[in-house]
Amino acid sequence: MAGKKKVALITGITGQDGSYLAEFLLKKGYKVFGAVRRNSTENFERIEHFKREVELLEVDLLDQMSILNAVKKSRPAEVYNLAAQSFVPTSWDQPILTGEFTGLGVTKVLEAIRSIDPKIRFYQASSSEMFGKVMEVPQTERTPFYPRSPYGVAKVYGHFITVNYRESYKLFAVSGILFNHESPRRGKEFVTRKVTDAVARIKLGVQKNLSMGNLDARRDWGFAGDYVRAMWMMLQQAKPQDYVIATGVNHSVKDLLTIAFSHAGLDWKQYVKTDPKLIRPAEVEHLLGNPAKAKKELGWKLEVSFEQMIQMMVDADLERVRREIELKKRA
């Protein structure tokens, strides 16, 4: 079957990771299907520039039939399950929905693969939030999980159900335990994007200050474009294994503020106010991943540094906010 394109199905294609992964796979010559929710307010902003090159299917992770139909229609060689209720604070407000989407949703996708074509290779988006109250620093593939939010708990379920299907049904099913990864396509509810968006607005005179929670919290932050490459690499291996994907370096929220504000020629201390209401019920303090296994076995490496990434995000937000101001002037 010379010349036949490899097919991939991505759930959560309209999210940050889904959009970068779809772009990456298109460049590799894949035929890409994207699963999107039946939702009149679906936001296609992140995939607008290549939307015509992918085929979108309506899928709801809570509805088994829609998942089965999507797998039947796309007949993929690879399925990347990136869809989830993925914002940690929301998981406290919607713990049951988070469990259904982020935990049980994984089982439904695995069941669809098992019943339609067990040869399909499956990638599950696991998360460093599973480590929560960390048992050791840095965290590796062998570090025990101790999640500290309904989101983290749901991700542990998704992770272990993937292991279960791999061992019980011999599926090629893997999890990437991804530490925080950001980009100009990150949602504004996430701290990095909240900061870079605020920097742009303060710089351009449309916002006065920024309210923040715990400035000492540290995270291992990398660039989403680098991390989706690791997802693909995991599915190209001879045998299915789970990998920690991280930078191996962590930064505090203060570091983030310093780089972002100084890139725009500002001093963060003049604009940032701390608000106790923004501190989580159970804070995760010491997330730091050890990517040694991924580097050695996958040959994966970082191409964008933390500083470059934050500067890239500030530049993108300055551009975005300038456009907003221009549109308002014209209106």
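Everything discussed here concerns the structure shown above.
Now for a look at the structure at hand. Everything quoted here is computed from the prediction, not taken from an experiment. (Residues numbered from 1 in each chain as written. Predicted model: local features only at pLDDT ≥ 70, side-chain atom pairs only at ≥ 80, totals over all residues. Heavy atoms only, no water.)

Okay, the pattern of salt bridges next. Applying the stated rule across the entire model yields 19 salt bridges. Glu78 is paired through a salt bridge with Lys6; the nearest N and O atoms lie 3.1 Å apart. Taken together, the positions of Glu78 in strand E4 (residues 78-81) and Lys6 in the segment before strand E1 (7-11) put the pair 72 residues apart, joining distant regions of the chain. Assessed through its relative accessible area of 1%, Glu78 is described here as buried. Of the charged contacts in the structure, one is a salt bridge between Glu324 and Arg201, with a shortest N-O distance of 3.1 Å. Highlighted residues: Glu324 in helix H10 (residues 306-330) and Arg201 in helix H6 (residues 191-203), separated in sequence by 123 residues. With a relative accessible area of 28%, Glu324 lands in the partly exposed category. According to the relative accessible area criterion, Arg201 is buried, its value standing at 15%. Because the salt bridges share partners, they merge into one network encompassing Lys188, Asp197, Arg201 and Glu324. (Salt bridge = Lys/Arg side-chain N within 4 Å of Asp/Glu carboxyl O. Helix = DSSP H or I, 4+ residues; strand = E, 2+ residues; numbered from the N terminus. Buried < 20%, exposed > 50% of the residue type's maximum accessible area, 1.4 Å probe, protein only.)

With that settled, consider helix H5 (residues 150-169). The first and last C-alpha atoms of H5 sit 28 Å apart over 20 residues, in line with the 28 Å expected at 1.5 Å per residue. The first or second residue beyond H5 is Lys170, which carries a positive phi of 60 degrees. (Expected span 1.5 Å × (residues − 1).)

What follows covers the pairing of E1. When you tally the buried positions in E1, you get 5 out of 5 residues, the bulk of the element. Here E1 shows no split at all, with Val7, Leu9 and Thr11 on one side and Ala8 and Ile10 on the other all buried. Where E1 meets strand E2 (residues 31-36), 5 bridges bridge the pair, whose relative direction is parallel. Across the sheet, the residue bridging to Thr11 is Ala35, located in E2. One crossover worth recording links E1 to the parallel E2 by way of helix H1 (residues 16-27), and it is right-handed. (Pairing = 2+ DSSP bridges. Right-handed = clockwise from strand over helix to strand, strands pointing away.)

Take helix H8 (residues 253-263) next. Within H8 the residues assigned to the buried category are Val253, Leu256, Leu257, Ile259, Ala260 and Phe261. Looking at the packing, one finds that the buried side of H8 touches H6, strand E8 (210-212), strand E12 (251-252), strand E13 (272-274) and H10. (Contact = heavy atoms within 4.5 Å.)

Further remarks concern the sheet that holds E4. Neighbouring strands of a sheet are bound in pairs by backbone hydrogen bonds; such pairs are parallel or else antiparallel. If you walk across this open sheet you meet the 7 strands as E3-E2-E1-E4-E5-E6-E11, and the pairing is parallel. Edge positions in the open sheet fall to strand E3 (55-58) and strand E11 (243-245), since each of these has one partner strand only. Each neighbouring strand pair of the sheet contributes to a mean axis angle of 25 degrees, computed without reference to strand direction. Contacts from helix H2 (residues 64-74) reach E1, E2 and E3, with the element oriented near 155 degrees to E3. (Axes fitted to C-alpha atoms, helices over the stretch in contact; angles between N-to-C directions.)

Take it as geometry only, folks, not as evidence of what the structure does.
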